[in-house]
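Coordinate inspection notes
Here's the letter readout for the chains.
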Amino acid sequence: MRIVFMGTPEFAVPCLERLVSDGHEVVLAVTQADKPRGRGYVLTPPPVKETALSHGIPVYQPGKIKNNPEALEKLKECRADVAVVVAYGRILPPEALAIPRYGCINVHASLLPKYRGAAPIQWAVLNGEAESGVTTMQMDAGLDTGPMLLSRRCPIPPDMTAGELHDCLSMEGAQALSDTLKALEAGSLRPVEQTGETCYAPMLTREMSLLDWEKPAEALHNQVRGLNPWPSASTRLGGKTLKVHRSRIGEETEAVPGTVIKLNPFTVSCGGKTSLELLEVQYEGGRRMAGSDFLRGHAVEIGRVLPD
C-alpha cells in the first residue's frame with residue numbers, strides 16, 4: 001500500500017519500521033520540527049525523522065496541518081491509500097483526514113475508549129491499572145473518538161514504570177498496525193464504534209511531581225511509577241529536591257506521615273498507616289543511585305520528617 005506516515009517521538013518508530021519491513025511503500029514521513037535538546041540545546045531531529053531518512057523516505061515538517069493549504073496540497077500529491085498516524089502531536093483537520101483513499105488510521109496507546117488524550121500510558125500507571133494496550137482506530141474529527149479497528153493488550157505488573165509500559169506498547173502498536181493493514185487489504189476490517197466508560201489523559205506537568213506523604217503508599221508508589229521517566233516523583237530533603245525513581249510498598253506503621261522510619265531500606269511513613277521504600281533516588285545536582293547508597297553519603301536519621 002502507498003502510505004503517508006505521520007509521527008514524531010520514539011514511540012512511533014517501531015510502527016514506521018514495521019511498515020517498511022512489511023513491504024509497504026511509505027511515500028512520505030510527516031513529523032514535527034527539529035528541537036533543541038540537552039544541556040547544549042543542540043538542534044535535534046525527532047526520532048521519526050531519523051528513522052525515515054535512514055530508509056530513504058522523504059520527510060516533511062510543516063508547522064501545522066490545520067489552515068495550511070501548502071500542507072494539504074503536499075498530502076494530496078502523495079496519492080496515498082492510507083495515512084498512518086502515531087503520536088504525531090498535531091491536530092488533523094477533516095479535510096486532511098479525507099485525503100487518503102482509506103482515510104487515516106491512528107495507533108493509540110490505550111484500550112479505547114478509556115484514556116483518550118496526550119498521556120494515556122502514564123495515566124494508566126498513575127491510576128494503578130492492571131492492564132493497558134493499544135488500539136488502532138479510524139480517525140475522525142474528535143479527540144481519539146473514531147471507530148475502533150483492532151486492539152492488543154498488555155498487563156501492567158505492580159512495579160512496572162510508565163517508561164517500561166511505553167516500550168511494551170510501542171512494540172504492540174507495531175503489531176496491531178501490521179494486522180490492521182493486512183485486514184484492510186483483505187477487506188475484513190470491521191470498525192466498532194466506541195462505547196462505555198471514557199476518561200481523558202491530559203499531558204503531564206512538573207507540578208505533579210511532589211509526593212504528598214499523607215496519601216497511602218499505594219497511591220505514592222503509582223505516582224513514582226507513572227512519572228518515571230518524566231517528570232519524576234520527588235520530595236524535599238534538606239531544602240533540596242530528592243527525586244524518587246523506584247519504590248516499593250513497605251510495612252505497616254503508626255508513624256506520622258513523612259517520617260523516615262527505616263534506613264535499610266530507606267523507608268518513609270505514609271497515610272493510612274502505610275509506608276514506602278525509596279529504592280532508587282537522585283539528589284538535586286547528583287546522579288541516580290540506590291536508596292541505600294544515597295544514605296551512606298548523606299546524614300539522614302530515623303525520625304526525620306519529609307519534606308524538609
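Here's a quick rundown of the structure. What you see is a predicted model, and the numbers here were worked out from it, not measured in a lab. (Residues numbered from 1 in each chain as written. Predicted model: local features only at pLDDT ≥ 70, side-chain atom pairs only at ≥ 80, totals over all residues. Heavy atoms only, no water.)

1. Re the overall build of the protein chain
Using the following cut-off: Helix and strand assignments come from DSSP, with helices taken as H or I runs of at least 4 residues and strands as E runs of at least 2, each series counted from the N terminus. Residue burial is assigned from relative accessible area. The probe radius is 1.4 Å, only protein chains are included, and a residue is buried under 20% of its type maximum, exposed over 50%, and partly exposed in between. The contact criterion used throughout is that any non-hydrogen atoms of two residues lie within 4.5 Å. Areas reported as accessible are Shrake-Rupley estimates using a 1.4 Å probe. Residue values count occlusion only from the protein chains shown. In this tally Asp and Glu are treated as negative and Lys and Arg as positive; neither His nor the chain ends contributes. All charge positions are set by atom: Lys at NZ, Arg at CZ, Asp at CG, Glu at CD.
Counting its regular elements, the protein chain contains eight helices and 15 strands. With respect to the principal axes defined by its C-alpha atoms, the protein chain has extents near 70 × 45 × 35 Å. Counting only residues that meet the buried cut, the protein chain has 49% of its 308 residues in that class. For the protein chain, the share of sequence-separated contacts (at least 6 apart) that also reach a separation of at least 24 residues comes to 64%. For the protein chain, the accessible area works out to roughly 14,600 Å², and carbon and sulfur atoms hold 52% of it. With 33 positive and 36 negative side-chain charges, the protein chain shows a separation of 4 Å between the mean positions of the two kinds.

2. Section: the pattern of salt bridges
As a reminder, the rule being used: Note on definitions: salt bridges are taken to be side-chain nitrogens of Lys or Arg within 4 Å of carboxyl oxygens of Asp or Glu.
Counted by the stated rule, this structure contains 16 salt bridges. A salt bridge links E131 to R153; the shortest N-O distance between them is 2.8 Å. One end of the pair, E131, is in strand β8 (residues 131-138); the other, R153, is in strand β9 (residues 148-155), and 22 residues separate them in sequence. The partly exposed category is assigned to E131, whose relative accessible area is 38%.

3. A few points about the side chain of N222
To be explicit about the condition: The definition of a polar contact used here is a pair of N or O atoms within 3.5 Å, where within protein one atom must be able to donate a hydrogen and the other to accept one, and adjacent residues in sequence count solely through side-chain atom pairs.
As for its position among the elements, N222 is in helix α7 (residues 217-226). Exposure remark for N222: the relative accessible area of 9% places this residue in the buried category. Side chain to side chain, N222 and R225 meet in a polar contact 2.8 Å long. Excluding residues that lie within four positions of it along the chain, N222 makes contacts with V125, L126, N127 and G128.

4. A few points about the state of the cysteines
Cysteine pairs can be covalently joined through their sulfur atoms, and such a bond is termed a disulfide. What counts here: In this description, a disulfide is simply a cysteine sulfur pair whose atoms lie within 2.5 Å.
For the structure shown, the criterion picks out one disulfide. In this model C154 forms its disulfide with C168; the gap between the sulfur atoms is 2.4 Å. Here the disulfide of C154 and C168 is right-handed, its torsion about the S-S bond being about 125°. Here C154, found in strand β9, pairs with C168, found in helix α6 (residues 162-186); they are 14 residues apart in sequence, far enough to count as distant. Taking relative accessible area as the criterion, C154 reaches 4% and is therefore assigned buried. For C168, a relative accessible area of 21% gives the class partly exposed. Sulfur of C15: no disulfide; nearest cysteine sulfur belongs to C168 and is 13 Å away. For C15, a relative accessible area of 0% gives the class buried.

5. Quick notes on the pairing of strand β7 (residues 104-108)
Under the convention used in this document: Only strands joined by at least two bridges in the DSSP assignment are considered to pair.
Burial runs high along β7: five of the five residues are buried. Of the two faces of β7, the one holding C104, N106 and H108 and the one holding I105 and V107 are both buried throughout. Pairing of β7 with β8, which is carried by four bridges, proceeds in the antiparallel orientation. Along β8, the bridge assignment pairs N106 with M137.

6. Brief notes about the environment of K240
Position of K240 relative to the elements: it lies in strand β11 (residues 240-249). C-alpha separation for the pair K240 and G285, spaced 45 residues apart in sequence, amounts to 9.2 Å. Ignoring anything within four residues of it in the chain, the contact list for K240 reads T235, Y283 and E284.

7. Some points on the pairing of strand β1 (residues 2-7)
Note the threshold: By convention, orient the strands away from the viewer: a clockwise path from the first strand over the helix to the second makes the crossover right-handed.
By the criterion of burial, β1 is predominantly enclosed, with five of the six residues buried. In the sheet, β1 pairs with strand β2 (residues 25-30) via five bridges, with the strands oriented parallel. Looking across to β2, one finds that F5 is bridged to A29. Read from β1 through helix α1 (residues 13-21) to β2, the crossover connection turns out right-handed. Relative to strand β6 (residues 82-86), β1 is paired through five bridges, and the arrangement is parallel. Its bridge partner being in β6, V4 is matched across the sheet by A83.

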